[in-house]
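Residue-level structure breakdown
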Amino acid sequence: GAVVSQHPSWVICKSGTSVKIECRSLDFQATTMFWYRQFPKQSLMLMATSNEGSKATYEQGVEKDKFLINHASLTLSTLTVTSAHPEDSSFYICSARSAGGGIAGSTGELFFGEGSRLTVL
Amino acid sequence: AQSVTQPDIHITVSEGASLELRCNYSYGATPYLFWYVQSPGQGLQLLLKYFSGDTLVQGIKGFEAEFKRSQSSFNLRKPSVHWSDAAEYFCAVGDGNRDDKIIFGKGTRLHILP
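The paragraphs below set out a description of the structure included in this document. All values reported here derive from a predicted model rather than from experimental measurement.

1. Overview of the overall build of chain A
- If you tally the helices and strands in chain A, you get 0 helices and 11 strands.
- Going residue by residue from the N terminus, the α and β elements of chain A occur as β-β-β-β-β-β-β-β-β-β-β.
- Considering chain A as a whole, with its 121 residues, one finds that 49% of them fall into the buried category.
- The contacts of chain A with a sequence gap of at least 6 include a subset with a gap of at least 24, amounting to 57%.

Right, dumping it as structure tokens:
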């Protein structure tokens, strides 16, 4: 089946530094990728929709200057947490949908990465 | 806007017992519905999905779910749970556009008693 890989799977950084998380679709091309954030024992909250070759669409309340998203190719999207602070510590998960899309005009299956756990000291 | 409600935060069942996890959705048109499972510290795995057609959907690992439009529900069931089924289960809804978003419920944590 389709595979989405995230890297790194966990990262610890100092407050004030920036951290980049990569999301790769390994065996399909993804025109759209989604970034989610999950707090402990909470659900996944959609942060932004990343479209290849265009600017990401951010959900209300998500700071686009804080969470920089780049979708430079059909197989890679990156999330950069800039000037990270302890409150940014969380589990970040990406998902990707193939360019083929599944059922035409409808929601294709999303494939999720295994997540990246960020801890900011 | 679409939304998903999972009324039960925790569910505990004995190994071998049957299971039903509840999910209610709010959406004006025909919803696209999903159930995902997440093991601790892991990403999400799709159990099953409903787009159209037969309202009883079979998934992986012996799970099934039934779409009931009249009740706006998409409950997940399994006739006999195994200890390995202990995990967090998320119901989700999408609105069918190619650039749509999938909205997740808050999740139900399943505990299995030996």
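On we go from here.
2. Section: unusual backbone geometry
- A:P8 follows A:H7 through a cis peptide bond whose omega is 0 degrees.
- As for its placement among the helices and strands, A:P8 is situated in the loop between β1 (4-7) and β2 (10-13).
- With a phi angle near 60 degrees, B:K61 is a residue other than glycine that sits in the positive phi range.
- With respect to the helices and strands, B:K61 occurs in the loop between β7 (56-58) and β8 (64-68).
- Judged by relative accessible area, B:K61 falls into the partly exposed class, the value being 47%.

3. Details of the nonpolar core
All names here are of chain B.
- L19, W35, L47, L48, F74, L76 and Y89 are the most contacted members of the largest nonpolar core, which has 26 residues in total.
- The greatest single-element share of this core, amounting to 4 residues, is contributed by strand β10 (residues 87-94).
- Excluding residues within four positions of it along the chain, Y89 makes contact with Q6, L21, W35, Y36, V37, L47, F63, L76, G107, T108 and L110.

4. Some remarks on the state of the cysteines
Residues and elements named next belong to chain A.
- In this structure the tally under the stated criterion is 2 disulfides over all chains.
- Paired by a disulfide, C23 and C94 hold their sulfur atoms 2.0 Å apart. Disulfide C23-C94: torsion about the S-S bond near 80 degrees, hence right-handed. Here C23 is found in strand β3 (residues 19-25), whereas its partner C94 is found in strand β9 (residues 90-98), with 71 residues between them in sequence.

5. Overview of the pairing of strand β4 (residues 30-38) of chain A
Residues and elements named next belong to chain A.
- Here β4 lies mainly inside the structure; 8 of its 9 residues are buried.
- Taken together, the 7 bridges between β4 and strand β5 (residues 44-51) define a ladder with antiparallel strand orientation. When the sheet's bridge partners are listed, M33 is paired in β5 with S50.

Criteria and cut-off values
- Residues numbered from 1 in each chain as written.
- Chains lettered and ligands numbered in written order.
- Predicted model: local features only at pLDDT ≥ 70, side-chain atom pairs only at ≥ 80, totals over all residues.
- Heavy atoms only, no water.
- Helix = DSSP H or I, 4+ residues; strand = E, 2+ residues; numbered from the N terminus.
- Buried < 20%, exposed > 50% of the residue type's maximum accessible area, 1.4 Å probe, protein only.
- Contact = heavy atoms within 4.5 Å.
- Core = buried A, V, L, I, M, F, W, Y, C linked by side-chain atoms within 4.5 Å.
- Disulfide = S-S within 2.5 Å.
- Pairing = 2+ DSSP bridges.

Remember that the coordinates give geometry; whether it matters functionally is a separate question.
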